[in-house]
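What follows is the residue order along each chain.
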Amino acid sequence: MKEMKGSMDHLHSSRNSHSSQIPAGEREEHVQQDLLDYVNYHISGGSLTPLTAGSEEADSRFAAVLKSRDIRAYRQECGGVLTEVQQLEQIPGVSPEMLSQLAGATSELDSGKLRVLAPQTTRHNRVDPYVNGPQCLDMLLGEIRKAERYIHLSVMLFFNDQSGNRIASELLQALERGVEVRMMVNYTVTALGYGNNLEVGQFSRIAGRLERAGAKLLDTFHSYYAAEEWAVKRKVLKSQGVPESILFLQDKVQEDVEVTGLNVIDHRKFMVIDGTTAIIGSLNIGDQYTYATPIQEAPDQQVDGRPLGIPAKEEEWHDGCFRIQGAAAQPLNAVFQSRWLLLGGDHFDIGAPFYRPAVNYAFGEEECTLFVSFPGNPVNLIQQYLLDLITYAADETLILNPYLIDQAFWDRLGEVGPERACHISICNPLEVNDHPTNKAAVRSNMYVPFSNGVSFYDYSSTERFSHWKITYDRRSQAVFHGSYNINERSACHDFELGMLVKGRSLAEKVKRMMDYDLSVSRRISDKHEFFKHPWLHPSTYLNKATQNYT
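Here the structure is a predicted model, which is why all the values come from computation and not from measurement.

Caption draft 1: Here's a closer look at the overall build of the protein chain. Along its length, the protein chain carries 22 helices and 17 strands. For the protein chain, the proportion of contacts with a sequence separation of at least 24, taken over those separated by at least 6, is 81%. Where the 54 positive side-chain charges of the protein chain centre and where its 70 negative ones centre are 0 Å apart.

Shown next as structure tokens:
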């Protein structure tokens, strides 16, 4: 610790000219966070050299050490992210002297850019899991009803159906109480509706009522600008005080669109209420996800008094979310603000007391780490977390995801040997799926992992579709939940986020939920259900041709 203290002192002295007005305690916390952010980002394969002035020395000096497999394995043992300075002292191959040098080099980095790239951790949160439409809908309505200051909602789809209008009505009542409401929705993709019903896609009708009542809304379909338009827009935003750490995010999006020619989708699904409550998950708003129809309950299967089960109707999807009370709402609010400003929304200060109230944020015992990805990502931290989760699996590891189409995931899973593969179980709706090539992707890639010991469960035996995206890591008592699909679009082209939550109580609850899903799924026992020679099957080539698209 003495060597670490010395490195912190070096950091303080190097920043004195810039932070002399910051109290010593806050300054130490700030520089420790810089060091953690840099190490986490670099371990995942990220390089700050193209993004942050002053990073060349750190990148060149420590690249070989921080990108070693031993260090990635160590970080996964810690739960997938390093959240305490003390963990840095145990990094394999890193001496106190090297850590001190790294601390000195880190002091020259752009902290703002570092924060928006690296995972952000908060402690003492309370996290409650919800699964299936009725539970999620009731909780959403109840939390909106409690709002006193503001509601920030970002969701891909918001349907003009029964549950969508119930949530809209609750938002209208919040507006009548004087609550600020800001919303980001993809109007264009929502307009496609579902079930051959275009009327349910008419979110503009809901938006009109909300806007007339004072809500502020933005359409996330327009997530990038023409090159000339962005050059002008960037200057305007900068003159209005938008930080460079936010503007450079859009720079990366612009570069990605220019190279790929693809539209990008804001696929994130979260809500922040009053700066103390957040809701994050994989569900959109609409009767497919937040239906009111009672589920087919499982006898004696409950979590927190809420029954487990499957949707009663074929058109209703199995899905879920977390309600988080505590400081985790703040980094989520920062994500909302950055997108809001870049899309042309009004300016607000997330650090102001209205948006960050001075309350006791110690709501519970969970440590929450927010992972964010975006088009043009220098490195996708969510993808890297999932790859490390399977690469270094040493205890029970569960993965539930509706789409398994990311070739990087399959390549890594195929490399996992029997001693680790035996710990991994995957649940996916193989037959009942709205993506035409998910089945082909699984059958083309699962033969070798299955032969090595990976277990595979097909949720389709319930005759329902599961849209739930969640993982469980018993070793670290951690779960990861959010909007991220294991496909090429989430990995490369879409705006995504997810929360890694550590805490035994929550992990045990989520494990019971996931175990129930496994119990109603069909466990595949014959490896011949997968393709030993995928190049012999035409569906393999269809999957390859379409894997970049939703």
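Caption draft 2: Local environment of helix α4 (residues 69–77). Among all positions in α4, only Ile71, Arg72, Ala73, Tyr74, Arg75 and Gln76 are buried. Downstream of α4 by a residue or two, Gly79 has a phi angle that is positive, lying close to 115°.

Caption draft 3: Spotlight on the nonpolar core. Ranked by size, the top nonpolar core spans 113 residues in total, and within it Ile151, Phe158 and Met183 carry the most contacts. The dominant element in this core, judged by the number of residues it contributes, is helix α15 (residues 381–391), at 7 residues. Apart from the residues within four sequence positions on either side, Met183 is in contact with Leu153, Phe158, Leu171, Phe203, Leu210, Lys216, Leu217, Leu218, Phe336 and Trp340. Phe270, Leu343, Leu400 and Met513 belong to the second-largest nonpolar core, a separate cluster that totals 47 residues.

Caption draft 4: Expanded view of the pairing of strand β8 (residues 306–310). Across the 5 residues of β8, 5 count as buried, placing the element largely inside the fold. Taken together, the 4 bridges between strand β7 (residues 296–303) and β8 define a ladder with antiparallel strand orientation. Each residue of the ladder has a partner; that of Val303, found in β8, is Arg306. What sits between the antiparallel neighbours β7 and β8 is a turn of 2 residues, in which Asp304 has the positive phi angle 55°.

Caption draft 5: Up close: the packing of aromatic side chains. Under the criterion given, the structure shown has 19 aromatic pairs. Centre to centre, the rings of Tyr225 and Trp230 are 5.6 Å apart; their planes meet at 20°, and the pair counts as stacked. No difference in accessibility class separates Tyr225 from Trp230, as the two residues are buried. Between Tyr289 and Trp317 the ring centres are 5.2 Å apart and the planes differ by 75°, which places this aromatic pair in the edge-to-face class.

Caption draft 6: Seen up close, the pattern of salt bridges. Enumeration according to the criterion identifies 27 salt bridges in this entry. One salt bridge connects Asp346 with Arg182, and the closest N-O pair in it is separated by 2.8 Å. Remark: Arg182 occurs in strand β3 (residues 180–185) and Asp346 occurs in the loop between α14 (329–342) and β10 (366–373); sequence separation between them is 164 residues. Between Lys216 and Asp346 there is a salt bridge, with the nearest N and O atoms lying 3.0 Å from each other. With a gap of 130 residues between them, Lys216 in strand β4 (residues 216–219) and Asp346 in the loop between α14 and β10 connect regions that are remote in the sequence. On the accessibility criterion, Lys216 (38% relative accessible area) is partly exposed. Classification of Asp346 as partly exposed rests on a relative accessible area of 23%. Here the salt bridges do not stand alone but share partners, grouping Arg126, Asp128, Glu143, Lys146 and Arg323 into one network.

Caption draft 7: A look at the environment of Gly498. Looking at the secondary structure, you find Gly498 in strand β16 (residues 496–502). Taking the C-alpha atoms as reference, Gly498 lies 13 Å from Met271; in sequence the two are 227 residues apart.

Caption draft 8: Seen up close, the environment of His30. With respect to the helices and strands, His30 occurs in helix α2 (residues 24–43). The class of His30 is partly exposed, set by a relative accessible area of 32%.

Caption draft 9: How the structure looks around the packing of helix α8 (residues 133–146) against helix α9 (residues 162–176). For the pair α8 and α9, the least separation of the axes is 9 Å and the interaxial angle reads 10°. One way to sum up the angle between α8 and α9 is to call them roughly parallel. Remark: the crossing between α8 and α9 carries right-handed chirality. Where α8 approaches α9, its residues Leu137, Leu140, Leu141, Ile144 and Arg145 are matched on the opposing element by Ser163, Arg166, Ile167, Glu170, Leu171 and Ala174. Looking at the contact of α8 with α9 residue by residue, the classes come out as 7 nonpolar, 1 polar and 3 charged.

Here is what the cut-offs are and how they apply
Residues numbered from 1 in each chain as written. Predicted model: local features only at pLDDT ≥ 70, side-chain atom pairs only at ≥ 80, totals over all residues. Heavy atoms only, no water. Helix = DSSP H or I, 4+ residues; strand = E, 2+ residues; numbered from the N terminus. Contact = heavy atoms within 4.5 Å. Lys, Arg positive; Asp, Glu negative; His and termini not counted. Charge placed at Lys NZ, Arg CZ, Asp CG, Glu CD. Buried < 20%, exposed > 50% of the residue type's maximum accessible area, 1.4 Å probe, protein only. Core = buried A, V, L, I, M, F, W, Y, C linked by side-chain atoms within 4.5 Å. Pairing = 2+ DSSP bridges. Phe/Tyr/Trp six-rings, centres within 6.5 Å; stacked < 30°, edge-to-face > 60°. Salt bridge = Lys/Arg side-chain N within 4 Å of Asp/Glu carboxyl O. Axes fitted to C-alpha atoms, helices over the stretch in contact; angles between N-to-C directions. Parallel < 35°, antiparallel > 145°, perpendicular 65-115°, else oblique. Left-handed = near helix turned anticlockwise from the far one by under 90°. Nonpolar A, V, L, I, M, F, W, Y, C, P; charged D, E, K, R; others polar.

From the geometry alone we can't say anything about function, so treat these as descriptive.
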